[in-house]
Structures are given as C-alpha cells and as structure tokens.
Amino acid sequence: MKKIIALLMVLAMVFALVACNTNTQQPAEQQTEQPAEQPAEQPAEQPAEQPAEQPAEEATVDPESIPDTMTSADGTYEIAFVTDVGQLKDKSFNQGTWEGCKLYAAANGLSYKYYQPANADQATDDDRYDAMKAAVDGGAKIVVCAGFMQAGALEKAAKEFTDVNFIFIDGWNMGLDNVAGIFYQEEQAGYLAGYAVVMEGYTKLGFCGGGGGTNPACCRYGYGFVQGANAAAAEKGINVEVKYSWQYGASFSASPELQTMAAGWYSTGTEIIFACGGSMFSSIAAAAAENDAKVVGVDVDQSAESDTVVTSAMKGLSASVQWALAKQFDGTWAEIGNNGTSLGAANDAVGLPTATWSLQNWSVEEYEALLAAMKDGTLVVDAAYPEDNVFTLSNATVEVI
C-alpha cells in the first residue's frame with residue numbers, strides 16, 4: 001500500500017544496513033533552549049510536507065561499501081555533509097546521516113564530501129560556519145548539517161550563500177527558502193524501547209543522555225523511555241526502577257568518567273541502560289560488557305557494535321536525508337524549503353530493529369501491534385518532557401542522578 005511517505009516505508013531495510021548522536025530541535029513549547037528565530041507555531045505533532053519517493057535500489061546497497069572520501073573529476077563536490085560533535089563514524093547520529101548522503105550520491109552519480117568543524121566537541125559557531133563555507137567554496141549545491149547546535153552557523157551561512165540549499169537534520173523551519181528542517185518524534189522510539197525491555201523482564205533500568213539535559217531530542221528519547229517502561233510495568237502489575245542522568249554527556253563523547261558511572265550502576269543492580277548520545281555508547285557498552293549487563297542503542301541499529309545491545313531506539317536518518325536530497329536534484333526543493341518536517345511512527349520513521357534484537361519474551365507480533373496503535377493515534381506518547389526532570393509515573397520510580 002502506497003503511503004504519502006513511501007521513502008520511509010523502507011526504513012526497516014535501511015536500518016538493517018546501518019549501525020546516535022542525537023541533536024534535534026524541540027518545538028517551542030517543549031524545548032529547553034529555544035533560539036528566538038524558531039517559529040513557535042510549529043509543533044512536532046503537526047508534520048509539514050512529508051517524504052514521497054525512494055529509489056528501490058538504495059535500500060539494497062550497503063553504505064559501508066561506498067567510500068567515505070572520493071576525488072571528483074573537476075575538484076568540486078556537489079553534496080556536502082557537515083558533522084555534528086563526535087566522529088564521522090560514530091555508529092550513530094553522524095554516521096546514519098552521512099550514510100544517507102553517500103547512498104543518494106552513489107545512486108545518482110553525484111560527488112560528495114564531508115567536513116568536520118575544527119576543535120571537535122569544543123567547536124564554536126565560527127568553526128561550524130567555516131566548515132559550511134568550505135563546503136560552499138568546494139562547489140556544494142546542497143549542504144547537509146547534522147544537529148541542533150548547527151543553528152547559529154547555519155543561519156549565517158544560509159543568508160550569505162543564498163544560491164546553496166541546506167538540510168538541517170534535527171532542526172526546524174528557520175524561515176529561509178534555502179533551509180529545510182527535518183526533526184523526529186524521538187519520544188515514540190524511546191517509548192517502544194522502554195516498553196520492550198520491561199516486557200522482556202528487566203525491572204532495573206538506566207538512562208544516560210547526551211547534551212547535558214538541554215538537547216531536545218535526547219530529552220524526548222528519555223521521557224519516552226520512562227513512559228514506555230511505566231506502561232509495560234503497569235500492564236504486568238509490577239514496579240520498575242530507573243536511574244536517569246545527564247552527567248558526562250554534554251559533548252556526546254565517550255569518557256572514563258561515564259564508563260565508571262555506568263559500571264557503578266551495573267554493579268549495584270541496574271540491568272540495562274539506554275545509551276542515548278552518540279559516542280557515549282562505547283563507554284556504556286564497555287561497562288556493560290564488564291558487568292555482564294545490557295544496553296539499549298539509539299538512533300540506528302547498534303547491535304553490530306556490541307553483544308550487550310538488546311535493541312535500539314531508531315529514527316530514520318538515512319532515509320529522510322535521501323528523500324530531502326532528492327528534492328534538491330529533482331527540482332522540487334520549494335516543497336520543503338522554508339519548512340519543517342516532523343517524522344514519527346505514522347511515517348515509519350521511528351522503530352525497533354526486529355531482525356536483530358535479542359528479545360525473547362516479547363514478540364515481533366506484539367511489537368507490531370503496539371507500533372500500529374502509535375501510528376493510528378490510539379497510543380499517544382507525551383512529547384512535553386518535564387524540564388525539571390520530575391516524573392510522576394504510576395509504576396516507575398525515576399531516580400535522577
């Protein structure tokens with residue numbers, strides 16, 4: 001059955017190909033740090049124009065088979081990607097976005113190049129702008145920018161380079177014709193993961209989020225996770241405990257301190273931790289491996305990265321990037337420029353990787369029924385996360401660390 005978002009209907013296949021940094025922008029009434037330029041009237045639950053077509057062959061190509069670097073014949077690169085904080089191959093947010101760029105470029109004979117802002121996780125707006133300018137100077141017709149922290153630099157670059165279009169992943173409508181924002185309903189993906197692990201039998205959970213508690217995407221992921229855990233616990237007639245922390249995640253980086261904290265949680269009874277923040281995953285997975293414990297991955301299917309991964313809360317980074325790039329090159333950019341597109345379960349843009357999860361006590365059929373209720377609106381997940389991290393839940397006790 002053809003849906004208005006056929007591109008994202010193949011997400012299950014795309015997810016199977018890719019292995020979070022999680023910087024997305026929250027609608028005005030939900031966010032913790034709202035730039036003044038974001039329109040307040042654009043709630044996440046009112047999606048704008050939605051992805052329409054996907055070349056079938058893109059879903060069958062392993063993005064890892066496409067080189068990360070290439071040399072174009074004329075020395076220019078038509079598709080550019082400016083990374084978020086963290087590494088290009090972070091097995092998460094940056095990588096999922098980059099793979100969408102590579103897949104589209106390879107399928108359409110286009111040149112491509114990535115640019116990483118200087119100073120790594122200490123990058124400034126000037127560093128990000130310099131990377132965008134380098135992309136434009138290098139011949140980019142379109143620049144894909146990952147992460148809400150790109151906002152200031154992106155606005156400056158878009159106003160200066162009006163002949164170049166920009167895709168703002170985890171972003172929003174900036175009111176500029178050459179910028180298209182794409183953001184996701186992460187609370188739905190988090191809910192599915194929290195519900196799944198409690199139905200599987202875990203009762204002592206953890207959440208470690210990136211962005212220090214100011215990243216709207218991570219906040220939505222975390223709030224969804226505890227809501228899902230609470231709902232499953234209520235269904236089973238039990239109570240669950242959740243340790244919940246933004247410590248050591250401001251830069252979305254792995255660190256000895258984060259690994260020590262996670263190991264401490266595991267050693268005192270925590271059974272599984274939602275690792276919600278790009279390269280933070282490696283520290284938490286290492287702690288889990290040392291303690292015979294488990295992890296929930298984020299943004300993409302991270303099961304290939306560690307045997308500790310039970311499932312992953314995913315969003316359609318690669319597929320949505322390919323869809324937006326197609327708008328640039330098929331002459332329909334005006335449909336998404338000066339707009340913001342919200343993607344969730346109704347668009348097949350969030351979910352769990354059923355082909356690779358290790359769940360044994362909760363079936364694919366039960367998952368699909370829950371997802372269907374989310375898609376048709378029977379199940380509504382609250383996206384308005386409590387900014388004070390105070391949770392009132394019937395069957396889940398949340399300890400904020």
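Here, the structure is the one placed above.
The following paragraphs examine the structure supplied in this document. (Residues numbered from 1 in each chain as written. Predicted model: local features only at pLDDT ≥ 70, side-chain atom pairs only at ≥ 80, totals over all residues. Heavy atoms only, no water.)

1. Some points on the overall build of the chain
No. 1: Looking only at helices and strands, the chain has ten helices and 13 strands in total.
No. 2: Of all 401 residues assigned to the chain, the portion counted as buried reaches 62%.
No. 3: Carbon and sulfur atoms form 49% of the exposed surface of the chain, whose accessible area is close to 14,300 Å². (Helix = DSSP H or I, 4+ residues; strand = E, 2+ residues; numbered from the N terminus. Buried < 20%, exposed > 50% of the residue type's maximum accessible area, 1.4 Å probe, protein only. Areas by Shrake-Rupley, 256 points an atom, 1.4 Å probe, with all protein chains shown as cover.)

2. Topic: unusual backbone geometry
Glycine aside, negative phi is the norm for most residues, and most peptide bonds take the trans geometry.
No. 1: Positive phi, normally seen in glycine, also occurs at phenylalanine 252, with a value near 60°.
No. 2: Counting through the fold element by element, phenylalanine 252 comes out in the loop between strand S7 (240-245) and helix H7 (256-267).
No. 3: The phi angle at aspartate 292 is positive, at roughly 55°, despite the residue not being glycine.
No. 4: In this structure, aspartate 292 sits in the loop between helix H8 (280-290) and strand S9 (294-299).

3. Points about the environment of proline 353
No. 1: Mapped onto the fold, proline 353 is located in the loop between strand S12 (350-351) and helix H10 (364-375).
No. 2: Separated by 43 residues in sequence, proline 353 and valine 310 place their C-alpha atoms 9.9 Å apart.
No. 3: Each residue touching proline 353, except ones within four places of it in the same chain, is listed here: Asp301, Thr311, Ser312 and Met314. (Contact = heavy atoms within 4.5 Å.)

4. Re the pattern of salt bridges
No. 1: Here the structure, examined in full by the defined rule, presents 16 salt bridges.
No. 2: Glutamate 78 is paired through a salt bridge with lysine 141; the nearest N and O atoms lie 3.6 Å apart. On the criterion of sequence distance, the pair formed by glutamate 78 in the loop between helix H1 (11-17) and strand S1 (79-82) and lysine 141 in the loop between helix H3 (125-137) and strand S3 (142-146) is long-range, its members being 63 residues apart.
No. 3: The buried category is assigned to glutamate 78, whose relative accessible area is 18%.
No. 4: As a salt-bridge pair, aspartate 170 and lysine 315 come within 3.0 Å of each other at their nearest N and O atoms. Here lysine 315 lies in strand S10 (residues 309-315) and aspartate 170 lies in the loop between strand S4 (165-169) and strand S5 (179-184), a separation of 145 residues in the sequence. (Salt bridge = Lys/Arg side-chain N within 4 Å of Asp/Glu carboxyl O.)

5. Section: the nonpolar core
No. 1: In terms of nonpolar packing, the biggest core is built from 51 residues, with Val197, Val198, Leu205, Phe274, Leu352 and Trp362 touching the most fellow members.
No. 2: The residues touching tryptophan 362, leaving out its near neighbours within four places in the chain, are Tyr195, Ala196, Met199, Glu200, Leu352, Trp357, Tyr367 and Leu370. (Core = buried A, V, L, I, M, F, W, Y, C linked by side-chain atoms within 4.5 Å.)

6. With respect to the side chain of glutamine 95
No. 1: Assignment of secondary structure puts glutamine 95 in helix H2 (residues 93-108).
No. 2: Excluding anything up to four places from it in sequence, glutamine 95 contacts Glu64, Leu88, Lys89 and Asp90.

7. Examining the environment of alanine 107
No. 1: Within the secondary structure, alanine 107 sits in helix H2.
No. 2: On the basis of relative accessible area, alanine 107 is assigned to the partly exposed category, the value being 37%.
No. 3: Note: C-alpha distance between alanine 107 and valine 61 (46 residues apart in sequence) is 9.1 Å.

8. Regarding the pairing of strand S8 (residues 272-276)
No. 1: Within S8, five of the five residues are buried, which leaves the element mostly enclosed by the surrounding structure.
No. 2: Both faces of S8 are covered, namely the face carrying Ile272, Phe274 and Cys276 and the face carrying Ile273 and Ala275.
No. 3: By the bridge criterion, three bridges tie S8 to S9 in an arrangement that is parallel. Paired with isoleucine 273 across the strands is valine 295, a residue of S9.
No. 4: Each parallel crossover has a hand, and the one from S8 via H8 to S9 is right-handed. (Pairing = 2+ DSSP bridges. Right-handed = clockwise from strand over helix to strand, strands pointing away.)

9. Observations regarding helix H4 (residues 151-160)
No. 1: Buried residues of H4: Ala151, Ala153, Leu154, Glu155, Ala157 and Ala158, and no others.
No. 2: Of the surrounding elements, those touching the buried residues of H4 are H3, S3, S4 and S5.

10. A few points about the sheet that holds S5
Pairing between the strands of a sheet is mediated by backbone hydrogen bonds and can be parallel or antiparallel.
No. 1: Spatial strand order, S2-S1-S3-S4-S5-S11: six strands in an open sheet with parallel pairing. Only two strands of the sheet have a single partner each, and these edge strands are strand S2 (112-115) and strand S11 (339-343). The mean inter-strand angle of the sheet, taken between neighbouring strand axes irrespective of direction, is 20°.
No. 2: Where S5 and S11 come together, five bridges link them in parallel fashion. Bridge assignment links alanine 180 to a residue of S11, and that residue is asparagine 339.
No. 3: Packing of H4 onto the sheet brings it into contact with S3, S4 and S5, and relative to S4 it is tilted by some 165°. (Axes fitted to C-alpha atoms, helices over the stretch in contact; angles between N-to-C directions.)

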